[in-house]
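# Residue-level structure breakdown
Here is how the chains run, residue by residue.
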Amino acid sequence: MDEMDRMLMRAPDAGAAMNIEKDKMKCTECGWIGTPAMTDKVPDPRPLAKFARDIWHICPACRTPENFRSLCDEPGCEIEMSCGTLTPDGYRNTCHRHAPGPK
Ligand SMILES: [Zn+2]
Ligand SMILES: [Zn+2]
């Protein structure tokens, strides 16, 4: 393999400090996977004057409000987050399988 082939094989973001899917989450109702930026937001419809009004995240696929689980930030992984690990590159939220550190 020559040098050019090696260059083309590199992922576009190879060498980036973090190659993770941060804030990935899954709708427990329909299985939709996305990030908080992709949900629809509506004000909490319960009029509780004592409390500041909250914003609900609504699943864009099935319209279920506030029914998400945070997922492992490993790209492609759909397992629920269970480990938080501070790494030299930043904070990772992963499933137990993808937790950084010694194997
Ligand atoms: Zn959904
Ligand atoms: Zn994982």
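Use the structure listed above.
Read on for a plain summary of the structure. (Residues numbered from 1 in each chain as written. Chains lettered and ligands numbered in written order. Predicted model: local features only at pLDDT ≥ 70, side-chain atom pairs only at ≥ 80, totals over all residues.)

If you tally the helices and strands in the protein, you get 1 helix and 7 strands. Tracing the protein from N to C terminus, the helices and strands come up as α-β-β-β-β-β-β-β. Relative to its 103 residues, the protein shows a buried fraction of 15%. Taking contacts inside the protein between residues at least 6 apart in sequence as the whole, the part at least 24 apart equals 38%. (Helix = DSSP H or I, 4+ residues; strand = E, 2+ residues; numbered from the N terminus. Buried ≥ 20, exposed ≤ 12 C-beta atoms within 10 Å, placed from the backbone. Contact = placed C-beta atoms within 7 Å.)

Now for the sheet that holds strand β5 (residues 68–70). One open sheet accounts for 3 strands, arranged β2-β1-β5; its pairing is antiparallel. The outermost strands of the open sheet, each flanked by one partner alone, are β2 (33–34) and β5. Note that strand β1 (residues 25–27) and β5 share 3 bridges and pair antiparallel. Residue Met25 lies in a different strand from β5, and its bridge partner there is Ser70. (Pairing = 2+ DSSP bridges.)

With a phi angle near 70°, Arg63 is a residue other than glycine that sits in the positive phi range. Its location among the elements puts Arg63 in the loop between β4 (55–58) and β5. At Glu66, a position not held by glycine, the phi torsion is positive, near 50°.

This brings us to the environment of Arg69. Among the secondary structure elements, Arg69 is positioned in strand β5. Contacts of Arg69, omitting those with residues within four sequence positions, involve Met25, Lys26, Thr28 and Glu80.

This part covers the nonpolar core. Of all hydrophobic cores here, the largest spans 7 residues; its members are Met25, Cys27, Cys59, Phe68, Leu71, Cys72 and Met81. Other than its neighbours up to four places away in sequence, Leu71 contacts Lys24, Met25, Lys26, Ile33, Cys77, Glu78, Ile79, Glu80 and Met81. (Core = buried A, V, L, I, M, F, W, Y, C linked by C-beta atoms within 7 Å.)

This brings us to the environment of Ile58. Looking at the secondary structure, you find Ile58 in strand β4. As a C-alpha pair, Ile58 and Asp40 span 18 residues in sequence and 4.9 Å in three-dimensional space.

Inspection of the secondary structure puts Gly31 in the loop between β1 and β2. You can call Gly31 exposed: it has 11 C-beta atoms within 10 Å. It is 10.0 Å that separates the C-alpha atoms of Gly31 and Arg69, two residues lying 38 residues apart in sequence.

Just geometry here; none of it tells us what the structure is for.
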